[in-house]
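Coordinate analysis (summary)
What follows is the residue order along each chain.
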Amino acid sequence: MTNQQLIQRSLTAVWHPCTQMKQHEQYPLVPIQHGEGMWLYDFEGKRYLDAVSSWWTNLFGHNHPGIKDAIKQQLDTLEHVMLAGFTHQPVIELSEKLGELTGLGHAFYGSDGASATEIALKMSFHFWRNSGKSGKNKFISLQNSYHGETLGALGVTDVAIFKDTYAALLTQSAQVPSPDWRLAEQGESPEQFALRCADALEQYVATHADELAAFIIEPLVQCAAGMGMYHPVYLQRAREICDRYQVHLIADEIAVGFGRTGTMFACEQASIKPDFMCLSKGITGGYLPLSVVLTTDVIYQAFYHDEVTKGFLHSHSYTGNPLACSAALATLAIFETEDVLQRNRQKAESINMKMQVLTDLPTKRLRQQGMIWAFEIVTRNAQFSKDCYANGLAHGLLLRPIGNTVYWMPPYVMNESEIGFLVDTTAKVIKQSL
Ligand SMILES: *Cc1c(COP(=O)(O)O)cnc(C)c1O
C-alpha cells in the first residue's frame, strides 16, 4: 500500500477530527505505518519526530515494550467486562494507585477527557442537589479555558473557534479572568497578575455563591489556549475562595497530569487538593482511551443512600476497560521504577540550553513549565501555523502550532541527538515559514 492510495481511501471513508476536510486538498494527510520511540514512520519509510506526543497523550514513546507487554498479558486474561455489578483486578489496582498518588479516591471511569469533564460537572451539581442545595447549578471557568468538545464540556470551554457555532445548544457558564501571564499589564509580575485575577475571582464568587456548583480549571497551563502559563499562587487563592464560599474546585489535569508540568500532578505545585480531579491523555501512556474522575470521601458519602436516584447513575459502555487499565498500570510502573521526574528535569535543562539557537528568530514570551515549551512568533504571514506544520513535516518533524504559538510537548524519552534535532529543525522550519 502506498501513502497516496491510503490518503485517498481515508479521505473517502474517514471524517478526521478537528479538521476542515477541504483543507486536505492542500495539506495532505500523513498515513502512519508504525511508531518507535519518539518517531512515527509512514508507508514509504519517512519518519517524523513526534514533538506533540500524538496530541499530548504519549509519555514514554511509541512501541514501549513494558506497556505493550502489559496490554498483551491482560488480553490473554480478560479483555472487557462491564463495571456495573462486576469488578476486576486492573481497575482495583489502578484506582488504589491513583488514590495514593492524589490523596483523592472513589475513581469513576470514562473513556475520553471530555467524558471526565462531564462526570465531574454532573457529580458536583448532583452533590449539591443531594445536600438540599439544588440552586447551586452553575459553573465557572477561566477565560480561554478548554475542557473538551461534548456539549457539557464545551459549555465550560472558552475557545471561540470551537464554541461559537454551537452556542445555541450550550448551557451557559461564566468565565473569570485568566491568570495566563501573557495577559498581564506591562511591568506586572506573573505573581502580581495571578493575585489580581484571584481578586476578580473572589468578587465573582462572593456575589454568585448561592448559584455556583463548581469552578473548573486547568492547573498551571491552559494548553489549548496556546500553552498559557500562570503562577501557582492563583491555585492556592482559588482553593481558599472555593472553600470560603462553598464552591467545588474541579482540577482538569487531563493534559497536565502525569509529570507534564514537572510534578506528578500540577496541583502539587500549589500544595492544594481539588474536590474533583479529571485525568486522561497520558494516563495510559498514550496507548488506549481512558479517563477518570477522583473525588473526596465527603462527596462520595452524599451519594451513598437507600434511594437509587441519589446515586450517580452515569455510565459509559467501556467504563474501566481492563486493557486500558493495564496500560495505565504499566505507565505508572515506569514512574515507580525509573526516576522519571528527575530525569525530565535534566532533559529540560538540556533543551533550555540548546534553545539558545531560537534567539535569532522573532520569538516572544519564551516559556517553559516542566516538559512543555512555548513561544509566539511575530510574523505577517497569516498562514504561519499551516506553513510551519507543513514545513515541519517536510523536515521530519511533527509540530502543530496553535495560531502563532509554537510549542513542544514531547514524549519523555528523547535522547540528546533527538533533542538537537527537535530544536535545530524547529528553528529551520520557523525561518522558512515567516
Ligand atoms: C484534551 C483535553 C480535554 C478533552 O479530552 P478528550 O480526550 O480530547 O476528550 C479536556 N481538558 C483538557 C485540559 C484537555 O487538554
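Scroll up to find the structure this text is about.
Below you will find a few notes about this structure. What you see is a predicted model, and the numbers here were worked out from it, not measured in a lab.

1. Brief notes about the overall build of the chain
Looking only at helices and strands, the chain features 14 helices and 16 strands. A compact globule built from 434 residues would reach a C-alpha radius of gyration of about 22 Å, and the chain, at 22 Å, matches this within 12%. Based on the C-alpha atoms only, the size of the chain along its principal axes is roughly 60 × 60 × 45 Å. Put simply, 72% of the contacts in the chain that link residues at least 6 apart link residues at least 24 apart. Roughly 19600 Å² of accessible area belongs to the chain as shown, and the carbon and sulfur atoms make up 53% of that amount. For the chain, the centre of its 34 positive side-chain charges and the centre of its 44 negative side-chain charges are spaced 5 Å apart.

2. Considering the pattern of salt bridges
Tallied over the entire structure, the rule returns 14 salt bridges. In this structure, the salt-bridge partner of arginine 237 is aspartate 199, at a minimum N-O distance of 3.3 Å. On the criterion of sequence distance, the pair formed by arginine 237 in helix H9 (residues 233-244) and aspartate 199 in helix H8 (residues 190-208) is long-range, its members being 38 residues apart. Under the relative-accessibility criterion, arginine 237 is labelled buried at 14%. Residues aspartate 275 and arginine 239 are paired through a salt bridge, measuring 2.9 Å at the closest nitrogen-oxygen approach. Placement of the pair is aspartate 275 in the loop between strand S10 (248-252) and strand S11 (276-279) and arginine 239 in helix H9, with a sequence separation of 36 residues. Of the residues examined, aspartate 275 reaches a relative accessible area of 13% and is grouped as buried. Overall, arginine 239 belongs to the buried group, its relative accessible area being 10%.

3. Some points on helix H11 (residues 322-337)
End to end, H11 covers 22 Å across 16 residues, agreeing with the expected 22 Å (1.5 Å per residue, within 8%). By the criterion of burial, H11 is predominantly enclosed, with 13 of the 16 residues buried. A side-chain oxygen of the first residue of H11 lies 3.1 Å from the backbone nitrogen of leucine 323; this N-cap is asparagine 321.

4. Describing the sheet that holds strand S15 (residues 397-398)
Whether parallel or antiparallel, the strands of a sheet pair through hydrogen bonds between backbone atoms. Ordered by their spatial adjacency, 4 strands build an open sheet running S1-S2-S3-S15, and the pairing between neighbours is mixed. Every interior strand has two partners, whereas the edge strands, strand S1 (32-36) and S15, have only one. Note: S1 against strand S2 (residues 39-42), 4 bridges, orientation antiparallel. Directly across from glutamate 36, in S2, lies its bridge partner tryptophan 39.

5. Comments concerning the nonpolar core
Core analysis: the biggest nonpolar cluster contains 57 residues, and Leu94, Leu98, Phe258, Leu279 and Trp408 have the highest contact counts within it. Per element, the largest residue contribution to this core is 10 residues, and it comes from H11. With 45 residues, the next largest nonpolar core counts Met227, Val247, Ile272 and Ile372 among its residues.

6. Examining the packing of helix H4 (residues 89-102) against H11
Axis separation between H4 and H11 bottoms out at 9 Å; the angle between their running directions is 40 degrees. Classified by the angle their axes make, H4 and H11 are oblique. The element H4 and its partner H11 pack so that their crossing is left-handed. Residue-level contacts link Pro90, Val91, Glu93, Leu94, Lys97, Leu98 and Leu101 of H4 to Pro322, Cys325, Ser326, Ala328, Leu329, Leu332 and Glu336 of H11. Split into classes, the residues belonging to the contact of H4 with H11 amount to 10 nonpolar, 1 polar and 3 charged.

7. Overview of the packing of helix H3 (residues 65-75) against H11
Between H3 and H11, whose axes approach to 8 Å, the crossing angle comes to 145 degrees. Relative to H11, the crossing made by H3 is right-handed. On the side of H3, the interface is formed by Gly66, Ile67, Ala70, Ile71, Gln74 and Leu75, while H11 contributes Pro322, Leu323, Ser326, Ala327, Ala330, Thr331 and Ile334. Tallied by class, the residues present in the contact of H3 with H11 amount to 9 nonpolar, 4 polar and no charged.

8. A short note on the site of the ligand
The environment of the ligand is made up of Trp56, Asp112, Gly113, Ala114, Tyr146, His147, Gly148, Glu218, Asp252, Ile254, Ala255 and Lys281. At 2.8 Å from an oxygen atom of the ligand is found a main-chain nitrogen or oxygen belonging to alanine 114. Between the ligand and lysine 281 there is a distance of 2.6 Å, counted from an oxygen atom to a side-chain nitrogen or oxygen. Computed on the free molecule, the ligand has an accessible area of 380 Å², of which 85% lies beneath the protein chains in the complex. Of the residues belonging to the shell around the ligand, the class tally is 5 nonpolar, 3 polar and 4 charged.

9. A look at the sheet that holds strand S13 (residues 363-369)
The strand order across the open sheet formed by 3 strands is S13-S14-S16, and the pairing between neighbours is antiparallel. Either end of the sheet is taken by a strand with one partner, and the two such strands are S13 and strand S16 (405-408). In this sheet, adjacent strand axes meet at a mean angle of 15 degrees when their direction is disregarded. Bridge count between strand S14 (residues 372-377) and S16: 4 bridges; the pairing is antiparallel.

10. Some details on the environment of lysine 354
Mapped onto the fold, lysine 354 is located in helix H12 (residues 340-354). Placed 260 residues apart in sequence, lysine 354 and leucine 94 show a C-alpha to C-alpha distance of 38 Å. Apart from the residues lying within four places of it in its own chain, the contact partners of lysine 354 are Glu416, Ile419, Gly420 and Val423.

Each value, and the rule that gives it
- Residues numbered from 1 in each chain as written.
- Predicted model: local features only at pLDDT ≥ 70, side-chain atom pairs only at ≥ 80, totals over all residues.
- Heavy atoms only, no water.
- Helix = DSSP H or I, 4+ residues; strand = E, 2+ residues; numbered from the N terminus.
- Rg over C-alpha atoms; globule rule 2.2 N^0.38 Å.
- Contact = heavy atoms within 4.5 Å.
- Areas by Shrake-Rupley, 256 points an atom, 1.4 Å probe, with all protein chains shown as cover.
- Lys, Arg positive; Asp, Glu negative; His and termini not counted.
- Charge placed at Lys NZ, Arg CZ, Asp CG, Glu CD.
- Salt bridge = Lys/Arg side-chain N within 4 Å of Asp/Glu carboxyl O.
- Buried < 20%, exposed > 50% of the residue type's maximum accessible area, 1.4 Å probe, protein only.
- Expected span 1.5 Å × (residues − 1).
- Polar contact = N/O pair within 3.5 Å; in protein donor to acceptor, adjacent residues only side chain to side chain.
- Pairing = 2+ DSSP bridges.
- Core = buried A, V, L, I, M, F, W, Y, C linked by side-chain atoms within 4.5 Å.
- Axes fitted to C-alpha atoms, helices over the stretch in contact; angles between N-to-C directions.
- Parallel < 35°, antiparallel > 145°, perpendicular 65-115°, else oblique.
- Left-handed = near helix turned anticlockwise from the far one by under 90°.
- Nonpolar A, V, L, I, M, F, W, Y, C, P; charged D, E, K, R; others polar.
- Near = heavy atom within 4 Å.

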